[in-house]
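# Report on the structure
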There are 2 protein chains.
Amino acid sequence: MSTDHPTPTLHARHDHAHCVADALTRADALCAQRGARLTTLRRRVLELVWSSHRPRGAYAILEDLSQQDGKSTAPLTVYRALEFLVEQGLVHRIESLNAYVGCASPGASHSGQFLVCEGCGDAAEIDDSSIRTAIESAAIARGFRVQRPTVEVRGVCKDCQEKHP
Amino acid sequence: MSTDHPTPTLHARHDHAHCVADALTRADALCAQRGARLTTLRRRVLELVWSSHRPRGAYAILEDLSQQDGKSTAPLTVYRALEFLVEQGLVHRIESLNAYVGCASPGASHSGQFLVCEGCGDAAEIDDSSIRTAIESAAIARGFRVQRPTVEVRGVCKDCQEKHP
DNA sequence: GTAGAGATGTTATAAAATAACATCATGAGC
DNA sequence: GCTCATGATGTTATTTTATAACATCTCTAC
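Residues numbered from 1 in each chain as written. Chains lettered and ligands numbered in written order. Predicted model: local features only at pLDDT ≥ 70, side-chain atom pairs only at ≥ 80, totals over all residues. Heavy atoms only, no water.

## Some thoughts on the protein's contact with DNA strand C
- Lining the immediate environment of DNA strand C, one finds 15 residues, of which Y59, Y79 and R93 of chain A together with T39 and R80 of chain B sit closest.
- Looking at DNA strand C alone, sugar and phosphate atoms form 51% of those within 4 Å of the protein.
- Here a base nitrogen of DNA strand C sits 2.7 Å away from a polar atom, N or O, in the side chain of Y59 of chain A.
- Between a phosphate oxygen of DNA strand C and a side-chain N or O atom of R93 of chain A, the distance comes to 2.7 Å.
- For the surface near DNA strand C, the secondary-structure elements that each account for two or more residues are α4 (75-87) of chain A together with α2 (40-49) and α4 (75-87) of chain B.
- The element contributing the most residues to the surface near DNA strand C is α4 of chain B, with three residues.
- Per-class residue counts for the surface near DNA strand C are seven nonpolar, three polar and five charged. (Near = heavy atom within 4 Å. Polar contact = N/O pair within 3.5 Å; in protein donor to acceptor, adjacent residues only side chain to side chain. Helix = DSSP H or I, 4+ residues; strand = E, 2+ residues; numbered from the N terminus. Nonpolar A, V, L, I, M, F, W, Y, C, P; charged D, E, K, R; others polar.)

Have a look at this one:
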């Protein structure tokens, strides 16, 4: 499932280096505050997840990791790091892509809503309260107790629409 | 990932045989109307998907199929049938489970919203207009064109809550 | 009846995820 | 500082999920 997207556009114009640095700093702070151990490996995996705003597969991250180190790493290593990062709310898993993406606002709510562009592959995290409450209401109406809502909307982002009119 | 759930409860009380027969009849009608070929194989796979209201993995269906026939079937056979059924809107894929479930109202809208119970494993399909419009509005606000919204809500259904208070 | 499209069969392989167990590192308590 | 227990990582093997490439069959339209 190598989804080769042309170029990411959704966030094309921003200072991505800053964006990553920011994410790492917030992760450091959050983990310190919680007494969670953001080890070197986990931090590196987090950085690799953040290397773009496109969800990345575990094996893609694995490759990066292996390449950086020269030696090859086992899948489990990456999966374990990802598991930790997801638990800490630093990374989200995009179910419909079997891939992972950095969380835009760790520490906060976490409804897990994404607009996934078919064009560029970017996944924009949103946190729309009306979606959240609509889901909650629908569930309550059926006596269903919500634990983890997943919203993944496939479509085409603004930039990609402009490119291909 | 063998999610062995105790017993399905969400739809425990209904006449499931009737439920399946109904689904097959509607599928026949829809495909006839569209000129789509609901072959014997595809119909059998549809029936197996409907064997419960729990999403079933492709390989589980494959096993059933092989067992029924004595001879073993190839995965691709099942995947191709499922692909057809999903295209026709007769079956939905639950992304977060890598599994398939019969569509409650084929031919109709198809927003693809599910309440997935962690207890019994049942996936109740809902079609809540306020969820649909909330997603649509959120997308529009960001210039995003929606193609396929996916909503999969993990939680605990009414019956399972009553069982484990 | 025949051609052609679409459906299925067959074999092999890729991609994604986990299991079981060994070893290593870190930090709390002494 | 040392020790031990806990948690993190390494290693090897395997399972689960999904697709590729190509051959053969089977309907349907003509």
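From this point on, the discussion continues.
## Some words on the UniProt feature "binding site: Zn(2+)" (unreviewed entry) in chain A
- Per the UniProt annotation, the sites labelled "binding site: Zn(2+)" (unreviewed entry) are C117, C120, C157 and C160 of chain A. These annotated residues cover 44 residues of sequence, and their C-alpha atoms lie no more than 8.1 Å from one another, placing them together at a single site.
- Take C117 of chain A: it is sitting in strand β3 (residues 113-117).
- For C117 of chain A, a relative accessible area of 2% translates into the label buried.
- Beyond its immediate chain neighbours, meaning those up to four positions away, C117 of chain A contacts H5, D122, G155, V156, C157 and C160 of chain A together with F144 of chain B.
- According to the relative accessible area criterion, C157 of chain A is buried, its value standing at 1%. (UniProt positions renumbered as here; feature names shortened; annotations may be inferred. Buried < 20%, exposed > 50% of the residue type's maximum accessible area, 1.4 Å probe, protein only. Contact = heavy atoms within 4.5 Å.)

## Focus on the domain arrangement of chain A
Residue and element names in this part refer to chain A.
- What the domain assignment reports for chain A is domain 1 (14-104) and domain 2 (109-165).
- For domain 1 and domain 2, the distance between their C-alpha centres works out to 22 Å.
- Between domain 1 and domain 2, the contact holds 14 residues from the first and 13 residues from the second.
- With both sides pooled, the region where domain 1 packs onto domain 2 buries about 1,000 Å², and carbon together with sulfur makes up 54% of that total.
- One can count one salt bridge joining domain 1 with domain 2.
- For the interface between domain 1 and domain 2, the tally reads six residue pairs in polar contact (both at pLDDT 80 or more).
- Contributing elements (two or more residues each) for the side of domain 1 that touches domain 2: β1 (91-94) and β2 (99-102).
- If one sorts the elements of the side of domain 1 that touches domain 2 by residue count, β1 sits on top with three residues.
- Here the residues of the side of domain 1 that touches domain 2 sort into six nonpolar, five polar and three charged. (Domains from an automatic or database assignment. Buried area = accessible area lost by both parts, 1.4 Å probe. Salt bridge = Lys/Arg side-chain N within 4 Å of Asp/Glu carboxyl O.)

## Remarks on the side chain of S66 of chain B
Residues and elements named next belong to chain B.
- Following the sequence through the fold, S66 ends up in helix α3 (residues 58-69).
- Taking relative accessible area as the criterion, S66 reaches 16% and is therefore assigned buried.
- Excluding residues within four positions of it along the chain, S66 makes contact with K71, S72 and T73.

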